Amino acid sequence: MRNRRTSSATALAVLFSSVALTGLAASAAHADGHTVLPVTSVGDVVVDAVHQRVFVSDPADGKVVATDYSGDVVGTLDSLPQAEGLELSADSQTLYVAVEGSDQIAAIDTAGLTESTRYSTGTAHAPATLARAGGKLWFGYGTAANGNIGSLDLSGTEPVLAVALDGRWYSAPRLASNPAAPGVLAAAVPGLSPSAVATYDVSGPDAPKLLAQGDAGSNLRDLAVTPDGSQVVTASGSPYEHQVLSTSDLTKVGGYPTDAYPNAVDIAADGTVAAGIDGWYDPDVYIFKAGSTSALREYDFADTGTGTLVPDGLAWEPDGSRLFAVSGNGSTYYLNTLTEPGKAATTVTVNAPASATRGKPLTVSGKIAGGGALPDGTTLTVTRTDTESPSGKALAPVTPAADGTFSFTDTPSVDGAVKYTVSYAGDASHSAASGTDTVSVARSATTVTVNAPATGTRAKSLTVTGKTSGPDALPAGTALAVKRTDLESPSGKALASVKTKADGTFSFADTPPAGGVVKYTVSYAGDASHTAASGSDTVTVSRTATTLSLNNNGKLYSYGKDVTFTAHLGSTYKNRTVEIWANPYGSDKPNVLVKKATVSSGGNVSAVVDMKRDTTVTAVFAGDARTAPKSVKVNAYAQVSVSTSLTKYYKTGRISANSSTYYWYHKHTAPLFTTTMSYYAGRSHRIDLDVYYQGAWHRADEEYFRLGGNGKTIVDLGAPDQSGLRVRVRSAYINDASGDNVNSTTYGAWKYLYFTN
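Just so you know, these numbers come straight off a predicted model, no measurement behind them.

Novice: In this structure, what is going on with the nonpolar core? I would like to understand it.
Specialist: Nonpolar side chains in soluble globular proteins tend to end up buried together. Leu550, Phe565, Ala567, Val578, Val605 and Met611 are the most contacted members of the largest nonpolar core, which totals 22 residues. Counting residues per element, the ones that place at least two in this core are strand 46 (548-550), strand 48 (561-569), strand 49 (577-584), strand 51 (604-611), strand 52 (615-621) and strand 53 (630-638). Here Ala567 is in contact with Ser549, Leu550, Val578, Ile580, Gly603, Asn604, Val605 and Ala619, once residues within four sequence places are set aside. Formed by 20 residues, the second largest nonpolar core is a distinct cluster that contains Ile368, Val418, Val422 and Val439.

Below is the structure:
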């Protein structure tokens with residue numbers, strides 16, 4: 001049960017209050033949890049095991065908050081100015097509250113969460129701390145330089161108040177007692193250096209009878225009495241340990257090593273000590289078995305962001321199964337629930353192989369550690385979780401060795417992630433624990449390699465070899481399926497199966513009936529421990545050559561001419577189909593299948609190509625099972641379409657009986673020469689201009705002009721201002737020089753001009 005401490009008293013009065021606790025719905029407890037408390041300060045903490053409630057006083061707001069074990073608020077008692085010390089009656093039916101601000105002690109019905117009575121402390125001003133011992137309720141009271149101890153005897157029909165029982169205290173002393181040692185009361189002044197401490201015998205009529213007095217270091221914050229009443233444990237800012245003092249003479253008889261700065265202590269019914277400190281960078285709470293100098297467990301609130309332990313912020317559940325700790329972070333306070341703190345923290349580590357083969361045994365090892373040796377005969381439960389047992393399947397339990405190590409074997413039956421969980425249920429001294437590890441289980445990877453000769457002869461035997469391999473070799477005599485894929489069996493044809501030798505190798509002979517690329521595929525179907533696998537290789541099997549020809553190679557055609565191309569195919573095995581393709585020059589035109597047909601009885605097939613560009617025409621024979629493929633190509637050429645015209649002439653006619661027809665112009669008129677040519681992006685045409693003199697035509701000018709988007713240009717030839725001049729002009733497309741090479745060079749017809757006055 002929680003050790004209790006409190007403050008002062010004087011006169012007696014009884015009054016009833018209408019203040020009541022408002023009941024709230026409770027939720028299920030959760031281990032090692034923390035919740036925010038609706039308080040702005042913390043005075044004291046007690047645990048009611050009968051109703052499973054935790055009471056926290058809030059002096060600043062003048063109230064007491066009640067929570068369940070999970071920290072959920074179930075009620076709030078207010079109108080208690082400067083509510084400080086708390087104490088429970090022996091049967092936990094009443095909670096006593098030291099109401100410092102009104103010189104009273106309030107009695108709360110813990111079952112109904114209502115205030116039933118208030119007792120005045122009379123001249124004992126500012127009661128601050130409470131402790132139940134020797135059949136009385138003791139309280140420490142008083143302001144600076146006026147500390148004292150009082151008592152309230154509630155055993156009779158009327159309460160009996162006694163005050164000014166020991167005035168040695170500078171201020172209201174903090175009181176401590178233990179229900180297992182009802183005749184002992186301890187007191188100490190908090191916050192002073194040194195901190196005075198005293199013990200009393202309160203079992204007789206002369207209570208309180210002083211047993212010893214001394215000091216407990218500097219800046220005392222808390223103290224507790226051991227269940228046998230022989231020792232007092234103190235929590236002072238200095239020294240940096242929780243001192244253990246003898247009740248009889250207050251000499252130091254031991255200590256619990258913690259760290260700076262001790263500020264809380266509470267002792268469970270079995271003597272287990274919870275020692276707390278105010279430390280940002282160290283554990284906040286240390287758990288010790290009685291008399292041990294080695295902490296059984298440690299708790300660090302920094303891990304949960306709940307700040308540091310508040311002074312006098314520890315309270316055991318009477319059976320020791322839980323410890324409640326109040327911490328603060330700034331202006332926010334938290335109730336921390338620590339489950340099974342009196343048991344050693346136990347860890348279970350599990351080590352499974354990273355990968356394993358399905359259907360093959362594997363070994364899992366591990367270790368259970370923490371808190372000393374486990375009881376003899378301890379067993380650990382083992383669970384395997386996989387796709388076949390997603391909720392887990394229990395395996396045979398395992399017994400750890402003396403050093404905590406263990407191992408077991410298992411044979412996983414399914415692929416995928418397999419998790420092994422090893423659990424310890426805990427015992428009187430050790431907490432429950434479990435550990436897991438996961439192994440990736442798969443069937444042994446099998447590979448099949450196949451080696452066929454690079455070439456072969458149709459209708460001649462060839463030999464294919466190969467090998468199966470993998471981490472877990474296949475047994476000798478394992479059957480492998482064989483399939484041949486060729487032109488006569490494009491979907492594959494099953495051959496006789498082949499069996500592996502002891503080293504995994506295999507070989508077989510085959511006589512390919514068809515030529516071309518022949519693929520041999522060897523497959524293993526897999527089993528419970530091995531993956532399926534296959535491999536393949538190809539051999540090029542010879543075929544008989546045939547002849548294929550195509551006409552019109554190198555011929556030149558006028559623009560737009562429909563030209564018939566004829567392919568001739570020689571003898572073949574079965575296939576008599578020929579394709580004729582036309583691929584016009586220029587990247588903007590695709591290669592087009594013009595015709596695909598069976599050749600005539602004479603071996604011919606023809607297709608018509610519209611020759612508007614230079615074109616590569618290809619005849620293709622795909623081959624068959626015994627005849628090799630063949631293709632042949634020719635290049636045929638196409639001129640451009642070009643026409644010209646003149647304007648501004650005044651007549652046409654011959655200039656002599658044998659001359660060409662001329663366009664007649666006055667010598668001051670500039671002819672306009674129009675060219676129309678088949679268009680191609682970026683194309684230009686060349687104008688050739690000749691002049692006739694000395695009985696012959698002579699080149700006067702050559703110049704390129706870019707075609708318009710409509711395939712036309714109009715060129716002003718200029719006026720010669722000279723009569724009797726004979727001129728001829730034409731347009732031409734020059735392959736490459738005209739800006740492209742998709743047609744063959746083409747010259748337009750000459751136009752003849754004659755200039756007169």
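Novice: Before we go on, may I ask you to explain the side chain of Asp510 in this structure?
Specialist: By the secondary structure assignment, Asp510 is in strand 43 (residues 505-510). In terms of polar contacts, Asp510 uses its side chain to reach the side chain of Tyr520, at 2.5 Å. Beyond its immediate stretch of four places on either side in the chain, Asp510 contacts Lys460, Ser461, Leu462, Arg484, Leu495 and Tyr520.

Novice: Help me understand the sheet that holds strand 57 (residues 672-677), please; the structure alone is not making it clear to me.
Specialist: Whether parallel or antiparallel, the strands of a sheet pair through hydrogen bonds between backbone atoms. Overall, antiparallel pairing links the three strands, which are arranged 54-57-60 in an open sheet. Each having just a single partner strand, strand 54 (642-647) and strand 60 (712-716) make up the two edges of the open sheet. Between one strand axis and the next, the sheet turns through 20° on average, direction left out of account. As paired elements, strand 57 and strand 60 share five bridges and run antiparallel to each other. When the bridges of strand 60 are listed, Thr676 appears paired with Lys712.

Novice: Looking at this model, I keep getting lost on the side chain of Ser444. Mind explaining?
Specialist: Tracing the backbone shows Ser444 in the loop between strand 37 (433-442) and strand 38 (447-451). Setting aside chain neighbours within four positions, we find Ser444 in contact with Thr357, Pro471, Asp472, Ser529, His530 and Thr531.

Novice: Would you take a moment to explain unusual backbone geometry for this structure?
Specialist: Backbone phi values are negative for most residues with the exception of glycine, while trans is the configuration of most peptide bonds. Each neighbour pair has its own omega, and for Ala207 with Pro208 the value is 0°, a cis peptide bond. One can find Pro208 in the loop between strand 17 (196-201) and strand 18 (209-215). Geometrically, the link from Ser238 to Pro239 is a cis peptide bond, its omega value of 0° lying close to zero. If you trace the backbone, Pro239 turns up in the loop between strand 20 (231-238) and strand 21 (241-246). The phi angle at Asn219 is positive, at roughly 55°, despite the residue not being glycine. Within the secondary structure, Asn219 sits in strand 19 (residues 218-225).

Procedures and definitions
- Residues numbered from 1 in each chain as written.
- Predicted model: local features only at pLDDT ≥ 70, side-chain atom pairs only at ≥ 80, totals over all residues.
- Heavy atoms only, no water.
- Core = buried A, V, L, I, M, F, W, Y, C linked by side-chain atoms within 4.5 Å.
- Buried < 20%, exposed > 50% of the residue type's maximum accessible area, 1.4 Å probe, protein only.
- Helix = DSSP H or I, 4+ residues; strand = E, 2+ residues; numbered from the N terminus.
- Contact = heavy atoms within 4.5 Å.
- Polar contact = N/O pair within 3.5 Å; in protein donor to acceptor, adjacent residues only side chain to side chain.
- Pairing = 2+ DSSP bridges.
- Axes fitted to C-alpha atoms, helices over the stretch in contact; angles between N-to-C directions.

Keep in mind these values describe shape, not function.
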